[in-house]
Amino acid sequence: MAMQKSPWIWMDGAFVPWDDANVHVLAHGLHYGFGVFEGIRAYQRADGRSAVFRLREHMQRFCDSARIMTLPLAYDVDTLIAAVLETCSKNKLASCYIRPIAFCGYGALGVGTLDNPTQVAIAAWPWGAYLGEEGLKNGVRIKTSTFSRPHVNSQLHKGKVSGHYVNSILAKREALAEGYSEALLLDTNGYVSEATGENVFAVTGSTLWTAPFSGPILSGITRHTLMTLAKEEGFEVRETMLTRDTLYLADEVFMCGTAAELTPVREIDRRVIGKGSRGPITERLQARYFDVVKGADDKHDQWLSFYDLET
Ligand code: PMP
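Criteria and cut-off values
Residues numbered from 1 in each chain as written. Predicted model: local features only at pLDDT ≥ 70, side-chain atom pairs only at ≥ 80, totals over all residues. Heavy atoms only, no water. Helix = DSSP H or I, 4+ residues; strand = E, 2+ residues; numbered from the N terminus. Buried < 20%, exposed > 50% of the residue type's maximum accessible area, 1.4 Å probe, protein only. Near = heavy atom within 4 Å. Areas by Shrake-Rupley, 256 points an atom, 1.4 Å probe, with all protein chains shown as cover. 1 Å grid on protein atoms, 1.4 Å probe; cavity = no way out; pocket = protein on both sides within 12 Å on 5 of 7 lines; lining within 4 Å. Sits in = over half its atoms within 2 Å of the grid points. Nonpolar A, V, L, I, M, F, W, Y, C, P; charged D, E, K, R; others polar. Pairing = 2+ DSSP bridges. Core = buried A, V, L, I, M, F, W, Y, C linked by side-chain atoms within 4.5 Å. Contact = heavy atoms within 4.5 Å. Domains from an automatic or database assignment. Buried area = accessible area lost by both parts, 1.4 Å probe. Salt bridge = Lys/Arg side-chain N within 4 Å of Asp/Glu carboxyl O. Expected span 1.5 Å × (residues − 1). Phe/Tyr/Trp six-rings, centres within 6.5 Å; stacked < 30°, edge-to-face > 60°.

On to the environment of Lys137. Along the chain, Lys137 falls in helix H4 (residues 133-138). Owing to a relative accessible area of 52%, Lys137 belongs among the exposed residues under this scheme. With 125 residues separating them along the chain, Lys137 and Leu262 place their C-alpha atoms 9.8 Å apart.

Residues in close proximity to the ligand total 16 residues, the closest being Tyr165, Glu194, Ile221, Thr222 and Thr258. Isolated, the ligand exposes 390 Å² of accessible area, and the fraction of that covered by the protein chains is 95%. Of all the cavities here, the one that holds the ligand is the largest pocket. At the level of secondary structure, the elements contributing two or more residues to the shell around the ligand comprise helix H6 (221-232) and strand E14 (252-257). Split into classes, the residues belonging to the shell around the ligand amount to 4 nonpolar, 7 polar and 5 charged.

So, on to the pairing of strand E1 (residues 8-11). Relative to strand E2 (residues 14-17), E1 runs antiparallel, the two sharing 4 bridges. Paired with Trp8 across the bridge in E2 is Pro17. The loop that links E1 with its antiparallel partner E2 comprises 2 residues; one of these, Asp12, has a positive phi angle of about 50°.

Formed by 29 residues in total, the largest nonpolar core has its most connected members in Val52, Leu55, Met59, Cys96 and Ile98. Secondary-structure elements contributing two or more residues to this core are strand E4 (40-44), helix H2 (55-68), helix H3 (77-90), strand E6 (96-104) and strand E7 (118-125). Ranked by residue count, the leading element in this core is H3, at 7 residues. Aside from chain neighbours lying at most four places away, what touches Val52 is Ile40, Arg41, Ala42, Leu85, Cys88, Ile98, Trp303, Leu304, Ser305 and Tyr307. Judged by nonpolar contacts, the second largest core, of 24 residues, contains Ala51, Phe53, Phe290 and Val293.

It is worth spelling out the domain arrangement of the chain at this point. Segmenting the chain into domains produces domain 1 (8-125) and domain 2 (133-294). Placing the centre of domain 1 and that of domain 2 at their C-alpha centroids yields a distance of 26 Å. Between domain 1 and domain 2, the buried area comes to about 2000 Å², and carbon and sulfur atoms account for 60% of it. For the pair domain 1 and domain 2, the number of links is 1 salt bridge. Of the charged contacts, one joins Glu261 and Arg41 as a salt bridge, the two residues approaching to 3.7 Å between their closest N and O atoms. Contributions of two or more residues to the side of domain 1 that touches domain 2 are made by strand E3 (35-37), E4, H2 and E6. Classifying every residue of the side of domain 1 that touches domain 2 by side-chain character gives 10 nonpolar, 6 polar and 6 charged.

With 14 residues, H2 should reach 20 Å at 1.5 Å per residue; the first-to-last C-alpha distance of 20 Å fits that figure. The set of residues buried in H2 consists of Leu55, His58, Met59, Arg61, Phe62, Cys63, Ser65 and Ala66. Of the residues trailing H2, Thr70 is marked for its positive phi of about 55°.

Attention now goes to the packing of aromatic side chains. Across all of its chains, the model carries 10 aromatic pairs by this definition. An angle of 85° between the planes, with centres 4.6 Å apart, marks the rings of Tyr97 and Trp127 as edge-to-face. Of this pair, Tyr97 sits in strand E6 while Trp127 is found in the loop between E7 and H4, placing the two residues 30 residues apart along the sequence. What makes Trp127 partly exposed here is its relative accessible area of 37%. In textbook terms, an aromatic cluster arises when at least three aromatic residues are bridged by ring pairs, as seen for Trp18, Tyr97, Trp125 and Trp127.

Right, dumping it as C-alpha cells:
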C-alpha cells in the first residue's frame, strides 16, 4: 500500500513539496547504504493535543549514529528537534510517523568517498499499526531466521544505519514468504538478538528478560520505555543472553519498537507461546504504553514534545 503523502518535507534546511524531495540517482548513500535514520511517532493525546514521543532521545541517537559512522552532520540535536516539530506542525499532522534521514549525497562514487555533501531530510506522514491492529490484540506468529545478526565487530549496532537493514530485509522477506509476520534474529553465537525492526522480551512469572545492551541490538527507545514502565509496575527486568528455547518456554513474548509499538508474539517456529494469545503482563504493559504515548498519563511529560497544528 502506498504511503499517504503530506504536503511538505524538510530537506537540507528548507521545506520542499513532497513530490520535489528527490535526490540524484548517483547519490553515494543509495549505492552503499551510507546513511543513518530514525523512526519516531507523534500521537494525538486524550486531551486533543499532539506530542512527539521521546523526540530528544531519537534525535540524540540520530546524531550518535552519524558520529559513530563518521558521517558529517551540519545540524545539532536542538536544530533537528525544532525541524521535526515544524514538519509535524506545517503538515497539520495530529498523529504521524516521522522519518529523519541523513545520507552521503551526490559527488564522487567510490566506497571511500570523503567529500560528498551529507543530505538531511525529515518526512512525516500518517501510519497505522506496523504489524496490524489484529497483531496488537491477538499477537503474531514469528520464525527464527536462517540469517544471523552480524558479529558485533562487523556492524555498529548502536547506530541506526541504512545499510544495516539489508540483513533485516533478508530475514523479513524470508519470514513473510513463509507466512510469518516477523523474523527473530540470533547473533553469531546463537543467542537471541532482536527482530528485524523491534527488540524482543520474554516474560516468566513476574520477570521480564531481554537481550543485553552489549549485544548486537539497537538500543531501542521503546525497549527503554517499557523497562521503565515494567519497573514502575513492580516487575523485575533482566538483561541477559537468551537462547531460543528460553523464548519457546516463556509465559509470554512480545516485540517492541516505535513502529510496531508493543506487539505480542503468540507463536515462534510453530511452538505456541504460553496460552497462544496476548498474555496478561503484555496486555498490562501495552495499556500503560498507550496511556503514556497517547492517553492521559501525565507522569511522563518529559517524554513528550508538544506542537501546535498550523492553521
Ligand atoms: N531494533 C531494530 C533493528 C530497529 O530497527 C528498531 C526500530 N528503530 C528497534 C530495534 C526498536 O527501536 P525503537 O524502540 O527505538 O524504535
